[in-house]
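Fold and contact review
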Amino acid sequence: MSHTLGIRQAQKQKTRQSLLDAALTLLEEQSLSSLGLREVTRAVGVAPTAFYRHFRSTEDLGVALVEEALGSLHPMIRTTVSTAGDSGERIARAIELIAGHVDAYPAHVRFIARERHGGVQPVREAIREQLTRFAEEVRTELAKDPEAAGWNDDDLLMLAHLYVDQMLITASLFLETLDAPEERREQVTRRATQQMRLISLGRSHWLT
């Protein structure tokens, strides 16, 4: 019996993931607010009623996509502000990590960029909650840096939000370079480096 239940559970998880994957593909060309569940189930090859075994609505599916797209990013976000190396090395490492993530998961990045200010409130809220968690985790990492001596928690959190926002901007810029000439990617790298340097310079002079 347990073996049969295990097979059923694995099949259920497989179908759920197929629905997420199909939705993500369809969302390459449209927003979540215009996505119909019949489109998703048709792409997977299951009956529309099967959708409700996994998600309450397309909004619920969108929230699950947010968790999939951003949930696994927490270790990378912390790494981008690691105290290892000097300021230039940290910036270069952060930009390299962001560019690599965009290359590996362009559909996820595009989904977040579009839906962050989209028309589906639960999804906007889910993205905001994840970004708030990112900022809190970045604040924790920044507090370990000797440069943080004298900073209060509110100012560190403000700085953390600046870094998180800049990471999102940088990811969106790299997204535009996927099919562009290498020169365009180099331009984005230079621009992102300058913007991160500006934040770093402001940070070093904030207390003065």
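From a predicted model like this one, the values you see are computed outputs, not experimental measurements. (Residues numbered from 1 in each chain as written. Predicted model: local features only at pLDDT ≥ 70, side-chain atom pairs only at ≥ 80, totals over all residues. Heavy atoms only, no water.)

Along the backbone of the protein chain there are 10 helices and zero strands. Going from the N terminus to the C terminus, the protein chain shows its helices and strands as α-α-α-α-α-α-α-α-α-α. Dimensions along the principal axes, computed over C-alpha positions, put the protein chain at roughly 65 × 45 × 35 Å. Per-residue burial for the protein chain yields a buried fraction of 40% across its 208 residues. Long-range pairs, those at least 24 residues apart, make up 66% of the contacts in the protein chain with a sequence separation of at least 6. Charge centroids of the protein chain, computed over 25 positive and 29 negative side chains, lie 6 Å from each other. (Helix = DSSP H or I, 4+ residues; strand = E, 2+ residues; numbered from the N terminus. Buried < 20%, exposed > 50% of the residue type's maximum accessible area, 1.4 Å probe, protein only. Contact = heavy atoms within 4.5 Å. Lys, Arg positive; Asp, Glu negative; His and termini not counted. Charge placed at Lys NZ, Arg CZ, Asp CG, Glu CD.)

So, about helix α8 (residues 121–143). End to end, α8 covers 33 Å across 23 residues, agreeing with the expected 33 Å (1.5 Å per residue, within 8%). Looking only at α8, the buried set comprises Val-123, Ala-126, Ile-127, Gln-130, Leu-131, Phe-134, Ala-135, Glu-137, Val-138, Glu-141 and Leu-142. (Expected span 1.5 Å × (residues − 1).)

What follows concerns the side chain of Gln-166. Relative to the assigned elements, Gln-166 resides in helix α9 (residues 153–175). Accessibility expressed as a relative area gives 8% for Gln-166, which makes it buried. Engagement of the side chain of Gln-166 in a polar contact is seen with the side chain of Gln-195, the distance being 2.7 Å. Not counting chain neighbours up to four residues away, the residues in contact with Gln-166 comprise Gln-195, Met-196 and Ile-199. (Polar contact = N/O pair within 3.5 Å; in protein donor to acceptor, adjacent residues only side chain to side chain.)

On the surface, a nonpolar cluster with roughly 310 Å² of combined accessible area is contributed by Met-158, Trp-206 and Leu-207. For Leu-207, the location among the structural elements is in the segment after α10 (182–205). Leu-207 gets classed as partly exposed once you look at its relative accessible area, which sits at 49%. (Patch = residues over 30% accessible without salt bridge, like charges linked within 9 Å, V, L, I, M, F, W, Y side chains within 5 Å. Areas by Shrake-Rupley, 256 points an atom, 1.4 Å probe, with all protein chains shown as cover. Salt bridge = Lys/Arg side-chain N within 4 Å of Asp/Glu carboxyl O.)

Another aspect to go through is the packing of helix α6 (residues 87–104) against α9. The interhelical angle for the contact between α6 and α9, taken along N-to-C directions, is 50°, at an axis separation of 9 Å. Classed by the angle they form, the pair α6 and α9 counts as oblique. Read as a crossing pair, α6 and α9 show a hand that is right-handed. Mapping the contact onto sequence places Ile-95, Ile-98, Ala-99 and Val-102 in α6 and Met-167, Thr-170, Ala-171, Phe-174 and Leu-175 in α9. Of the residues in the contact of α6 with α9, the class split is eight nonpolar, one polar and no charged. (Axes fitted to C-alpha atoms, helices over the stretch in contact; angles between N-to-C directions. Parallel < 35°, antiparallel > 145°, perpendicular 65-115°, else oblique. Left-handed = near helix turned anticlockwise from the far one by under 90°. Nonpolar A, V, L, I, M, F, W, Y, C, P; charged D, E, K, R; others polar.)

Taken as a whole, this structure holds three aromatic pairs when the rule is applied. With a centroid separation of 5.6 Å and 80° between ring planes, the pair formed by Phe-51 and Tyr-52 is classed as edge-to-face. On the basis of an interplanar angle of 45° and a centroid distance of 5.6 Å, the ring pair of Phe-51 and Phe-55 is categorised as tilted. Look at Phe-51 and you get buried, because its relative accessible area is 0%. Grouping aromatic residues by their ring pairs yields a cluster made of Phe-51, Tyr-52 and Phe-55. (Phe/Tyr/Trp six-rings, centres within 6.5 Å; stacked < 30°, edge-to-face > 60°.)

On the secondary structure map, Phe-55 appears in the loop between α3 (48–51) and α4 (58–71). The spacing of Phe-55 and Thr-15 is 40 residues in sequence and 11 Å in space, taken between C-alpha atoms.

Here we take up α4. In an α-helix, one turn spans 3.6 residues; hence positions three or four apart end up facing the same way. In this model, α4 (14 residues) spans 19 Å end to end at C-alpha, consistent with the 20 Å of a helix rising 1.5 Å per residue. In terms of burial, α4 is a largely internal element, 10 of the 14 residues being buried. Every buried residue of α4 is listed here: Thr-58, Asp-60, Leu-61, Gly-62, Val-63, Ala-64, Leu-65, Val-66, Ala-69 and Leu-70. The backbone nitrogen of Glu-59 lies 3.3 Å from a side-chain oxygen of the residue at the head of α4, namely Ser-57.

Right, let's talk about the nonpolar core for a bit. Leu-65, Val-66, Phe-111, Val-123, Leu-142 and Tyr-163 are the most contacted members of the largest nonpolar core, which totals 58 residues. Broken down by element, this core gets its largest block of residues, 10 residues, from α9. Not counting chain neighbours up to four residues away, the residues in contact with Phe-111 comprise Leu-24, Leu-27, Gly-62, Leu-65, Val-66 and Val-123. (Core = buried A, V, L, I, M, F, W, Y, C linked by side-chain atoms within 4.5 Å.)

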